[in-house]
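Residue strings, one per chain:
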Amino acid sequence: MTMLLLRRTVQAAVRTKHCRSFSASQTHLNERKGLVLGVFEKDGEEGGLHLTEAAAGFDQTLSGKLSELLKISGPALKTGKSRIFYGIHKDFPCVAVVGLGKTSAGVCGSENWDTSKENIRQAVSAGCRLLQDLEVKHVEVDGCGDAQSAAEGAALGLFQYDQLKSKKKTKVTTQLHRSADSVGWQKGVVYAEGQNLARLLMEAPANHITPTAFANTIEEKLALHAERVTINKRSQAWIEEQQMGAFLSVSKGSEEPPVFLELHYNGSPDSKQAPLLLVGKGITFDSGGISLKPSPSMDAMRADMGGAATVCASIVTAAALKLPVNIIGLAPLCENMPSGKATKPGDVVMARNGKTIQVDNTDAEGRLVLADALCYGHSFNPRAIVNVATLTGAMDVALGSAATGVFTNSDWLWEQLHKASVVTGDRVWRMPLFQHYTRQVTDSQLADLNNIGKYSRSGGACTAAAFLREFVTAPHWAHLDIAGVMSNKDEVPYLRKGMSGRPTRTLVEFAAGLAHDG
């Protein structure tokens, strides 16, 4: 009997020990941390590597073990490539080392961006995703000499729209590793979160992001900054009072009511400072209307409000950064749908400024909603007007996803936008605004203007810009056609496949530049 009791006591102790061991290992699994470190290629030395300051410090704590492992684990790390090491440090069971390219990289005139910043974004993104795939929930990131770019790479690279899926990607929190530049890191996080907000809005299905839901989402995001922001969600009755006949001609085919979203961010200490005016096309779903689009890929037209998404996300970001500049954002929001009430090809409508428009193609609707918004925007006497729109498939044909096409009447404004895009890596490219294109939209059989060019397949992006110019009297105006950069397949390495949220960071950097220049 004594032996039996002793045996049971031992067995119970063993079972308890095993249970505790299993529990501890699960806790360890859930709490384990990852680390992303960068290495540069040594200039003029094939296969040579140069550790960043943080990587060198980490290597020193391991008595050179990291350097040794990098030498024996394979060829030198090229830009954006990564290698992972396990169990080399008690605090970081998983360490991802990423290639940052050459130390001498900088602004490249032919590429129109800062290659060093782009390399950091790409590399940090690759390292963070690698650790995310291993279900590491907390990652410390090497600032790589540019903490803002590192933060952007981490936050942009980890973003995944999986809100409507039951199985989700591991949520990863990130923080800066051993660097004093916490200000740069935080700035990068805010910039990236702005672009991710635009991605979220653009990726969400159209039955979730209606005009009303879009406006409510932006209102919620700006609630934290109520002391600096005024929000007006204008109803259909207000739109009718404003005689926005072009906008209403698009919205009337849908059962969803239109919303004219108006945001005022008052960041400048000088309340009388002339505002920057941002206008975004907000077609929350574009079927083409009576001029119905072909069904393949029509689902992507949930993102036809990309202009409104990037403009509103930019204002949310500017408010979060407390930029000392006044900004007004306008987003005419509606759906473009076919119905018995929809505008028909050949109909003539009147814009807010009294100009009549012959609508020969109801799928060229973005320019109609923007026309009325631009007319209204002039009433604020802005220092500059920038409108953003997924306007034409022709822009995608012309530039693809390499850059946003910019049409502008102002060399100064072009220079400001271009300078901002070099910093962010989200590039812009200037396109022509010749009278050659204006003549093609003013030659209309029934009205002052036609909503498509006379030679419909020729220079479509340029004739669309020429049409918008008919509603602009301001000396500093730019039209950004973002149709080509609306989505990402694999062209931008630090963005996953899906809607891109471009060029949100460029708009924010542009606004910050205006704030700095006064």
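Refer to the preceding data block for the structure.
In this report, we go over the structure that sits alongside the text. In this numbering scheme, every chain counts its residues from 1 along its sequence in written order. Reporting in this predicted model follows two pLDDT cut-offs: at least 70 for local features of residues, and 80 or more for side-chain atom pairs to be given and counted; totals over whole chains, interfaces and linings ignore these cut-offs and use all residues. The side-chain numbers reported here are obtained from all heavy atoms of the structure, hydrogens and water having been left aside.

**Overview of the overall build of the protein chain**
Heads up, the condition is: Helix and strand assignments come from DSSP, with helices taken as H or I runs of at least 4 residues and strands as E runs of at least 2, each series counted from the N terminus. Only protein chains enter the accessibility calculation, which uses a 1.4 Å probe. A residue is then buried if its area is under 20% of the maximum for its type, exposed if over 50%, and partly exposed in between. Every residue pair with non-hydrogen atoms within 4.5 Å of one another is taken to be in contact. Under the counting rule used here, the positive set is Lys and Arg, the negative set is Asp and Glu, and His together with the chain ends is not counted. By convention, the point assigned to a charge is CZ for Arg, NZ for Lys, CD for Glu and CG for Asp.
Within the protein chain one finds 16 helices and 22 strands. Taking the principal axes of the C-alpha coordinates as reference, the protein chain spans close to 105 × 65 × 45 Å. Residues counted as buried form 57% of the 518 residues belonging to the protein chain. The contacts of the protein chain with a sequence gap of at least 6 include a subset with a gap of at least 24, amounting to 76%. Placing the 55 positive and 52 negative side-chain charges of the protein chain at their respective mean positions leaves the two points 7 Å apart.

**Overview of the packing of aromatic side chains**
Note the cut-off: Two rings from Phe, Tyr or Trp (for Trp, the six-membered ring) form a pair when their centres are within 6.5 Å of each other. A pair whose planes differ by under 30 degrees is stacked, one over 60 is edge-to-face, and the rest are tilted. Counting as a charge over the ring demands two things of the Lys NZ or Arg CZ atom: a distance within 6 Å of the ring centre and an angle within 35 degrees of the ring normal.
The tally for this structure, following the rule as stated, stands at 8 aromatic pairs. Pairing Phe58 with Phe92 gives two aromatic rings, centres 6.4 Å apart and planes at 65 degrees, and the pair type is edge-to-face. Taken together, the residues Phe58 in helix H2 (residues 53-61) and Phe92 in the loop between strand E3 (82-86) and strand E4 (94-102) connect sequence positions 34 residues apart. Assigned by exposure class, Phe58 and Phe92 land together as buried. Summarising the aromatic geometry, the rings of Phe467 and Phe471 are spaced 5.3 Å apart at their centres and angled 50 degrees between planes, so their arrangement reads as tilted. Just as Phe467 is buried, Phe471 falls in that class too. Within the aromatic cluster, the residues linked to one another by ring pairs are Trp238, Phe247, Phe260, Tyr376 and Phe380. Across from the ring centre of Phe471, 5.9 Å away, lies the NZ or CZ of Lys355, which sits over that ring. Over the ring of Trp113 we find Arg427; its NZ or CZ atom is 3.9 Å from the centre of that ring.

**Observations regarding the pattern of salt bridges**
Opposite charge on two side chains lets them pair, provided their charged atoms get close. Inclusion rule: A side-chain nitrogen of Lys or Arg and a carboxyl oxygen of Asp or Glu constitute a salt bridge if their distance falls within 4 Å.
Tallying each qualifying case throughout the model produces 24 salt bridges. We note a salt bridge from Asp91 to Lys90, for which the minimum N-O separation is 3.5 Å. Exposure remark for Lys90: the relative accessible area of 72% places this residue in the exposed category. The partner of Glu111 in a salt bridge is Arg427, and the shortest N-O contact between them spans 2.9 Å. Of this pair, Glu111 sits in the loop between strand E5 (107-108) and strand E6 (113-114) while Arg427 is found in the loop between helix H13 (411-424) and strand E18 (428-430), placing the two residues 316 residues apart along the sequence.

**Let's talk about the sheet that holds strand E14 (residues 347-350)**
Keep this limit in mind: Any two strands with at least two DSSP bridges between them are considered paired.
Within the open sheet, the 3 strands sit side by side as E14-E15-E19. Their pairing is mixed. Looking along the sheet, the strands with just one partner apiece sit at the ends: E14 and strand E19 (449-450). Relative to E19, strand E15 (residues 356-359) runs parallel, the two sharing 2 bridges. Looking at the pairing, Gln358 lines up with Asn450 of E19.

**A short note on the environment of Thr284**
Within the fold, Thr284 resides in strand E12 (residues 282-286). Owing to a relative accessible area of 0%, Thr284 belongs among the buried residues under this scheme. Considered as a pair, Thr284 and Cys94 are 190 residues apart in the sequence and their alpha carbons are 42 Å apart. Every residue in contact with Thr284, bar those within four places of it in the chain, is listed here: Ala206, Ile209, Thr210, Pro211, Met301, Arg302, Met305, Cys334 and Glu335.

**A short note on helix H3 (residues 65-72)**
We apply this condition: Arc definition: directions from the helix axis to the C-beta atoms.
Every buried residue belonging to H3 is among Leu66, Leu69 and Leu70, and all of these are buried. In an axial view of H3, the angular spread of the buried residues amounts to 100 degrees, which keeps them on one side of the axis. Those residues of H3 that are exposed and angled more than 90 degrees off the buried face are Lys71 and Ile72. In the stretch just after H3, Gly74 is the one whose phi turns positive, near 145 degrees.

**Points about the side chain of Ser125**
Mapped onto the elements, Ser125 comes out in helix H4 (residues 115-133). Here Ser125 falls in the buried class, since its relative accessible area comes to 0%. Apart from the residues lying within four places of it in its own chain, the contact partners of Ser125 are Gly153, Gly157, Pro493 and Tyr494.

**Notes on the nonpolar core**
The condition that has to hold: We call a set of buried Ala, Val, Leu, Ile, Met, Phe, Trp, Tyr and Cys residues a nonpolar core when their side-chain atoms join them within 4.5 Å.
One finds Phe214, Leu261, Leu276, Ile327, Val386 and Leu480 to be the most contacted residues of the largest nonpolar core, which totals 63 residues. With 9 residues, the top contributor of residues to this core is helix H10 (residues 306-321). Ala351, Val359, Ala371 and Leu391 belong to the second largest nonpolar core, which has 47 residues in total.

**Overview of the side chain of Ser444**
Our working rule: We define a polar contact as two N or O atoms separated by no more than 3.5 Å, with the added condition that, inside protein, one atom must be a possible hydrogen donor and the other a possible acceptor, whereas residues neighbouring each other in sequence contribute only through side-chain atom pairs.
Its place among the elements puts Ser444 in the loop between helix H14 (435-442) and E19. Ser444 sits in the buried class, given a relative accessible area of 14%. Looking at Ser444, its side chain comes within polar contact range of the side chain of Gln358, at 3.0 Å. A distance of 3.5 Å separates a polar atom in the side chain of Ser444 from the backbone oxygen of Leu449. For Ser444, the contacting residues outside a window of four places in its chain are Gln358, Leu449 and Asn450.

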